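# Working through the structure, step by step
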Amino acid sequence: MTAFIVFGRRLESDDPAFASALEEAHAQRHRPLCLCNPQGLEMYVSRAAGQYVLKRMPFTGSLHAPTCRSYDAPPEASGLGQLLGSAIQEDPSGGTTLLRLAFPVFKTRGHVIDIDDRSDAAKDARAGMRLSLRGLLHYLWDEGELTRWQPGFAGRRTWATVRRHLLTASAGKFIRGQPLLDRLYVPETFSVEGRDEIGARRRALWARASAPTEHRRELLIAVAEVKGISATRWGASMVVKHVPDQAFWLDDRMYRQVKRRFESQLSLWATCEASHLLAIFTFGLQPTGTPAVDDMSLMLVSGHWLPVEDDYEIQLVDRLVRDGRQFKKLLRYELDAKLHLSVAILLDTDPPCALDVSRREGEEEPAVPPPNHELARWRWIPREGQPPPFPCRRPTPTELN
């Protein structure tokens, strides 16, 4: 277990005094040191869901020891690298993060209002400077540590767990000066016994979008598991799990876009029974009270809630889980689908190992290699046959003894 120095005192996370030390550090904006590195690495304290948590300083994840919980893949190894400091602006002094979005969270009559900046310069900014719906979902999945896997997670990652991690990850995040949690809807696990209380909490949150003024309509952001999308007499109806009493309406334009833009995710979802289809979407309430989707993105995850892009990634991730490996799934964020990216990084090897899948001829190396970092490499070329053996695990302290 990693130890920390807080106000000159050495503490571990299971120490009874650790929680109160973090609270004091947050109040005084003190920077504890993580001792996974002999020189010690500064961290900061953030408050999330009523608890005080230690967070690594920006751009330092790969400097932590691979055995440390704060270790992270180099940001350049995924789509996160181009967003840090621009679309994602962390403020360690206050323990908060500002997110710049590429989609609106309210509309005026006939016009889209950009939540971050209404200037022409902002409209011309490169895509990497802002988070799309997909980018925001990838960021929350990463921040909630839902891209990480270790053997002890088997059988314990449910929708209730996913929801809790997403809400915790959203704490301390701000969009246009407003807490993200004020606009985020993640359905509670449904139960017949608690349906009235669950419905009341849902209606209280949705009330933010239920009273459009003459000039402006508010939008909420939802993350939910799709149960089905089906055509209706006009547009389509989307049913999400854990909300059995209320469907979401898509107009004809949105329904056509979803079928065209997410054909691969929908086809994989149809053929892989163990998978889950996640939707992140903005929505508002019509005068009738019906929730109407304004924009949407889809993400397929495996049966263990790990994001996957195609059947090769499904095979690779499932094998890693079966073999009891510890790894982190890498996400694309705003990077183009044509850019080759490592699928995951093994965390139980020394050094950590990037896992690559060469799907096409000539696709030998990732298009975004992590520079100046010690990473081993493993590569699978599906056209040549089955995946090669994974690198051996790093011996545990017990095994060394």
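Residues numbered from 1 in each chain as written. Predicted model: local features only at pLDDT ≥ 70, side-chain atom pairs only at ≥ 80, totals over all residues. Heavy atoms only, no water.

So, on to the overall build of the chain. On a plain count of helices and strands, the chain comes out with 9 helices and 23 strands. Residues counted as buried form 49% of the 401 residues belonging to the chain. Contacts in the chain between residues far apart in sequence, at least 24 positions, make up 57% of those at least 6 positions apart. Element-wise, carbon and sulfur atoms account for 50% of the exposed surface of the chain, whose accessible area totals about 19600 Å². (Helix = DSSP H or I, 4+ residues; strand = E, 2+ residues; numbered from the N terminus. Buried < 20%, exposed > 50% of the residue type's maximum accessible area, 1.4 Å probe, protein only. Contact = heavy atoms within 4.5 Å. Areas by Shrake-Rupley, 256 points an atom, 1.4 Å probe, with all protein chains shown as cover.)

As a further point, take the packing of aromatic side chains. Summed over all chains, the structure comprises 12 aromatic pairs. Taken together, a centroid distance of 5.1 Å and an interplanar angle of 75 degrees make the contact between Phe248 and Phe281 edge-to-face. Taken together, the residues Phe248 in strand β17 (residues 248-250) and Phe281 in strand β18 (residues 276-285) connect sequence positions 33 residues apart. Of the residues examined, Phe281 reaches a relative accessible area of 1% and is grouped as buried. Taken together through their ring pairs, the aromatic side chains of Tyr185, Trp206, Phe248, Phe281 and Phe283 make up a single cluster. Arg202 extends its terminal NZ or CZ atom over the ring of Trp206, reaching a point 5.1 Å from the ring centre. (Phe/Tyr/Trp six-rings, centres within 6.5 Å; stacked < 30°, edge-to-face > 60°. Lys NZ or Arg CZ within 6 Å of the ring centre and 35° of its normal.)

Turning our attention to the sheet that holds strand β2 (residues 9-12). Taken together, the 5 strands give an open sheet; going across it, the order is β2-β1-β3-β4-β5, and neighbouring strands pair in antiparallel fashion. Looking along the sheet, the strands with just one partner apiece sit at the ends: β2 and β5 (51-56). Contacting β1 (3-6), β2, β4 (41-48) and β5, helix α1 (residues 18-28) crosses the sheet at an angle of about 75 degrees to β5. (Pairing = 2+ DSSP bridges. Axes fitted to C-alpha atoms, helices over the stretch in contact; angles between N-to-C directions.)

What follows covers the side chain of Gln265. Relative to the elements of secondary structure, Gln265 occurs in helix α7 (residues 263-271). Excluding residues within four positions of it along the chain, Gln265 makes contact with Leu277, Leu298 and Leu300.

Counting 47 residues, the largest nonpolar core has Met238, Phe248, Phe281, Phe283, Met296, Phe327 and Leu355 as the members making the most contacts within it. Each residue touching Phe327, except ones within four places of it in the same chain, is listed here: Thr147, Arg148, Trp149, Leu306, Val317, Leu320, Val321, Ala344, Ile345, Leu346 and Leu347. With 34 residues, the next largest nonpolar core counts Leu101, Tyr139, Met299 and Tyr333 among its residues. (Core = buried A, V, L, I, M, F, W, Y, C linked by side-chain atoms within 4.5 Å.)

Attention now goes to the side chain of Thr60. Structurally, Thr60 is set in the loop between β5 and β6 (88-91). Polar contacts involving the side chain of Thr60 include one to the main-chain carbonyl oxygen of Met57, which spans 2.6 Å. (Polar contact = N/O pair within 3.5 Å; in protein donor to acceptor, adjacent residues only side chain to side chain.)

The next subject is the environment of Ala160. Along the chain, Ala160 falls in helix α4 (residues 159-170). The partly exposed category is assigned to Ala160, whose relative accessible area is 37%. It is 9.3 Å that separates the C-alpha atoms of Ala160 and Pro187, two residues lying 27 residues apart in sequence.

Let's shift gears to the packing of helix α3 (residues 133-143) against α4. Axis angle and axis distance: for two packed helices, these are the angle between their axes and the distance between the axes, and together they describe the pair. It is at 8 Å that the axes of α3 and α4 come closest, and there the two elements cross at 100 degrees. Taken as axis vectors, α3 and α4 run roughly perpendicular relative to one another. Listed contacts from α4 to Leu140, Trp141 and Glu143 of α3 are Val162, Leu166, Ala169 and Ser170. When grouped by side-chain class, the residues that make up the contact of α3 with α4 number 5 nonpolar, 1 polar and 1 charged. (Parallel < 35°, antiparallel > 145°, perpendicular 65-115°, else oblique. Nonpolar A, V, L, I, M, F, W, Y, C, P; charged D, E, K, R; others polar.)

Everything listed here is a matter of geometry and, on its own, says nothing about what the molecule does.
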